[in-house]
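Examining the three-dimensional arrangement
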Amino acid sequence: MNAAVVSATLALARPEVAPLPAYNAGLSSEAVRQRYGVTEIARLASNENPYGASPAVARALVDLAARVGTYPDANCTALRAAIGERTGVAPECIAVGNGSEDILQMLCQAFLSQGDRVLTQRPAFGLHEIYPRMMGAQVELLALTPGLGFDVDAWCEALARGPKIAMLANPSNPVGCMFTAQEFERLLAAAPAHTLLVVDEAYYEYACHADGYPDVLALLQGRAMPWIVLRTFSKAWGLAGLRVGYGLASDAALVQLLDRVRTPFNVNHAAQAAALAAWGDEAFMRQGVAETVRLRGVLVQRLQALRGVRIAPSATNFLFLDIGRPNGPVNEALLAQGLITKPWKEPGFESFIRVSIGTEAENTRFADALAVILEVAA
Ligand SMILES: *Cc1c(COP(=O)(O)O)cnc(C)c1O
């Protein structure tokens, strides 16, 4: 590489871009197979659904090859109508994205300029911090309580200071904790009317099983402030590979602003067809979610028996574990057995790993392996 060309390139870039952290997407199954020489991989790092998508999705995709020559519907008309019907939100107040992360990016591009203030949590879903910083915004990160929950008082205080955007995942990724209905009402009472509230409900379908989980959409409807609730087909609906997320917004003007900044054909044919088919088989989704919630309980019980492991309360399809020692070597030992989890790397969380709830067999393999690793290292 020519050093002069590199420095010219770097000088041309927007100053916000080079310092951004790379999104930590984790290791691929293939990389783990090759590096560790293992054959049986358990993917427990990305909160994917081990049961995949409804069989209706495969049927919807069979004639896809015949359609690849035409552009997809730029407005996702059929999908927005279907989502509108079940959620009770008008289609013109619904945004669809190439994953909900696409909508997070659109929101930042449409609303944030240099110096704007954004409020979110630490640790959080990486893009809640990365996209605002990409636009030059100042991101305030609120800490967890000692019990690994949301600090409701701190959130209310910070909201009252009037950030331009408040991004909160309910429940949280990576922690799994949630604001209850009562707590969420306190947040709403503290939030000024000129703050855009972004509630990321990527784990909504799992959290609906948790006592006290708020119906945020109902609480927001009719409130005199802008808001958007983000949900995704990547987790409970089993479509992570096709990239579809949606946003339910306070008003059509918000969606029209997102339309200005998005790529026109952001959701491709396959994604639209698959999401529509999956949405039509709600029973399949519910069955997988119920099984995952049950298996989460089994895994929690098993891990509670391990000395020195602390488990954050979870309303999701994953657990955030404090293993009480640096996570790097433990992660290496898990990878050597084909178990891919996510060791947290942010300062203060280097003793945490996030593990997705897999099949019963995968969870057992993980718990057995962790028990041995922690015992040997003790
Ligand atoms: C998984 C996840 C997403 C990403 O969803 P996509 O629709 O796959 O882009 C968004 N937010 C949170 C909190 C997540 O955990």
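In case you missed it, the structure is sitting above this.
Residues numbered from 1 in each chain as written. Predicted model: local features only at pLDDT ≥ 70, side-chain atom pairs only at ≥ 80, totals over all residues. Heavy atoms only, no water.

What about the site of the ligand?
- Every residue near the ligand is listed here: G99, S100, E101, F125, N173, D200, A202, Y203, T232, S234, K235 and R243.
- In this structure, S100 approaches the ligand through a main-chain N or O atom, which is 2.6 Å from an oxygen atom.
- At 3.2 Å, a side-chain N or O of K235 approaches an oxygen atom of the ligand.
- Compared with its free state, where it exposes 390 Å², the ligand has 95% of that area covered by protein.
- Spatially, the ligand is embedded in the largest pocket.
- Of the residues assigned to the shell around the ligand, the class counts are three nonpolar, five polar and four charged. (Near = heavy atom within 4 Å. Polar contact = N/O pair within 3.5 Å; in protein donor to acceptor, adjacent residues only side chain to side chain. Areas by Shrake-Rupley, 256 points an atom, 1.4 Å probe, with all protein chains shown as cover. 1 Å grid on protein atoms, 1.4 Å probe; cavity = no way out; pocket = protein on both sides within 12 Å on 5 of 7 lines; lining within 4 Å. Sits in = over half its atoms within 2 Å of the grid points. Nonpolar A, V, L, I, M, F, W, Y, C, P; charged D, E, K, R; others polar.)

Here we look at the packing of helix α5 (residues 100-111) against helix α11 (residues 252-261)
- Axis separation between α5 and α11 bottoms out at 9 Å; the angle between their running directions is 95 degrees. The orientation of α5 relative to α11 falls into the category roughly perpendicular. Here α5 contributes I103, M106, L107, Q109, A110 and F111 to the contact with α11, which in turn contributes L254, L257, L258 and V261.
- Its residues assigned to classes, the contact of α5 with α11 shows nine nonpolar, one polar and no charged. (Axes fitted to C-alpha atoms, helices over the stretch in contact; angles between N-to-C directions. Helix = DSSP H or I, 4+ residues; strand = E, 2+ residues; numbered from the N terminus. Parallel < 35°, antiparallel > 145°, perpendicular 65-115°, else oblique. Contact = heavy atoms within 4.5 Å.)

Considerations on the sheet that holds strand β3 (residues 117-121)
- Taken together, seven strands build an open sheet; the order of strands is β2-β8-β7-β6-β5-β3-β4 and the sheet is mixed. Since the sheet does not close on itself, it has two edges, and those belong to β2 (94-97) and β4 (138-142), each with one partner. Pairs of neighbouring strands in the sheet enclose a mean axial angle of 20 degrees, with direction left out of account.
- Relative to β4, β3 runs parallel, the two being bridged by five bridges. Opposite T120, over in β4, you have L141 as the bridge partner. (Pairing = 2+ DSSP bridges.)

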